[in-house]
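# Remarks on the overall topology
The lines below spell out each chain.
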Amino acid sequence: MSTKDFVEKDYYKVLGVPKDATEAEIKKAYRKLAREYHPDANTGDAKAEERFKEISEANDVLADPKRRKEYDEARALFGNGGFRPGPGGPGGTGSFNFDLGDLFGGGGPQPGGPGAGGFGGGLGDVFGGLFNRTGAGTRTQPRRGQDIESEVTLSFTEAVDGATVPLRMSSQAPCKACQGTGDKNGTPRVCPTCVGTGQVSRGGGGGFSLTDPCVDCRGRGLIAQDPCEQCKGSGRARSSRTMQVRIPAGVSDGQRIRLRGKGAPGETGGPAGDLYVVVHVDAHPVFGRKGDNLTVTVPVTFDEAALGGEVRVPTLGGPPVTLKLPAGTPSGRTMRARGKGAVRKDGTRGDLLVTIEVAVPTELNDKAREALETYREATADEDPRAELFQAAKGE
């Protein structure tokens, strides 16, 4: 905003007070209007936000006796935006004929040129520091809410199929006592250090400048005149809430999920932060996990492994599947049941990897023992370890 804009604005009209209003009347008018047009009370209303900026700007000048005096003098000099001719009226003695824009450096006399007088680059230089602000000075910037991290523990089945779980979260949110303003009366003033931007610039060398959050207002752009007792003037307070969160199917133990816009609320119309959920998955007594595939170990009898046959295998949350076991299947062989695994990102399912384990009986009845003795005699000439010893000798 230019110096010309400031001189032409009627701050008394903005606050709805007379030019001889007392400090108490100005303060009362500002509090009433600020409470009505504050961004937190008019979320998404651009007109209300702009009105709030005008009100804050006017209060910044009129609430400060020194600045108000300078403002009144400037307005008197320019006659509420137009330069007052000298005695004699237009065309008479002491009259002037030039554009107000010339006074503010908009093409007026240059130093050393005709009519330069003592103004140099224009009266903009004289009044440049009057209000100590720039075009973005009164703009209170929206602030994004903080990111929140939480944890959730799922059963093995919930992790595979997905689940909706309640999460109780604690985060910073607008203080309910002061409606997020930080001021007990809901009427904070614009920070004079950053002029409402929440940021200050410092020289970085080489003609560059660096921007940092303003330490006086903690990056908010506003300073409480009467700090709220609940939030100590910060405008933010600890708040707890319970949210129903959908955990997608196929998550794995230790995975970190990002949920956009589910974090802490923003300030002055800013977006909410994100929620990060770290997932822990309980072990299953039967099934395991290997990427998108589930795993299971299935015991079979000696005769099933030796002679072959059909074996029923359980699945997670579904009916059993039947696998055909080839004759001579060794213990430890892995077979595959397609489409019976975990859900992938594209909605398809991985496989169920079935590991065969030959079960050795710990007790035998007489008939079973007799049968095994007969089998031993029939295979006495076969040595399954012969190749092992040959390999050990290097033969």
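For the structure given in this document, a descriptive report is provided here. (Residues numbered from 1 in each chain as written. Predicted model: local features only at pLDDT ≥ 70, side-chain atom pairs only at ≥ 80, totals over all residues. Heavy atoms only, no water.)

Next up on the list: the overall build of the chain. Check the secondary structure of the chain and you find 11 helices and 15 strands. Among the 395 residues that make up the chain, the fraction classed as buried is 37%. Once local pairs closer than 6 in sequence are excluded, the contacts in the chain between residues at least 24 apart make up 63%. For the chain, the accessible surface area stands at approximately 23300 Å², while carbon and sulfur atoms represent 50% of it. (Helix = DSSP H or I, 4+ residues; strand = E, 2+ residues; numbered from the N terminus. Buried < 20%, exposed > 50% of the residue type's maximum accessible area, 1.4 Å probe, protein only. Contact = heavy atoms within 4.5 Å. Areas by Shrake-Rupley, 256 points an atom, 1.4 Å probe, with all protein chains shown as cover.)

Next up on the list: the nonpolar core. Core analysis: the biggest nonpolar cluster contains 20 residues, and Leu294, Val296, Val313, Leu352 and Val354 have the highest contact counts within it. Secondary structure elements with two or more residues in this core: helix H8 (156–161), strand E11 (293–300), strand E12 (309–313), strand E13 (321–325), strand E14 (334–337) and strand E15 (352–358). Ranked by residue count, the leading element in this core is E11, at four residues. Residues Val251, Leu259, Leu275 and Val279 belong to the second largest nonpolar core, which totals 18 residues. (Core = buried A, V, L, I, M, F, W, Y, C linked by side-chain atoms within 4.5 Å.)

On to the pattern of salt bridges, then. For the structure shown, the criterion picks out 12 salt bridges. In this structure, Asp292 engages Arg344 in a salt bridge whose closest nitrogen and oxygen atoms are separated by 3.7 Å. In this pair, Asp292 is assigned in the loop between strand E10 (288–290) and E11 and Arg344 in the loop between E14 and E15, connecting sequence segments 52 residues apart. Note that Asp351 is salt-bridged to Arg338, the shortest N-O span being 3.6 Å. Taken as a pair, Asp351 in the loop between E14 and E15 and Arg338 in the loop between E14 and E15 lie far apart in primary sequence, 13 residues in all. Among the residues examined, Asp351 registers a relative accessible area of 8% and is labelled buried. One network of salt bridges, in which partners are shared, links Arg144, Asp147, Arg258 and Asp274. (Salt bridge = Lys/Arg side-chain N within 4 Å of Asp/Glu carboxyl O.)

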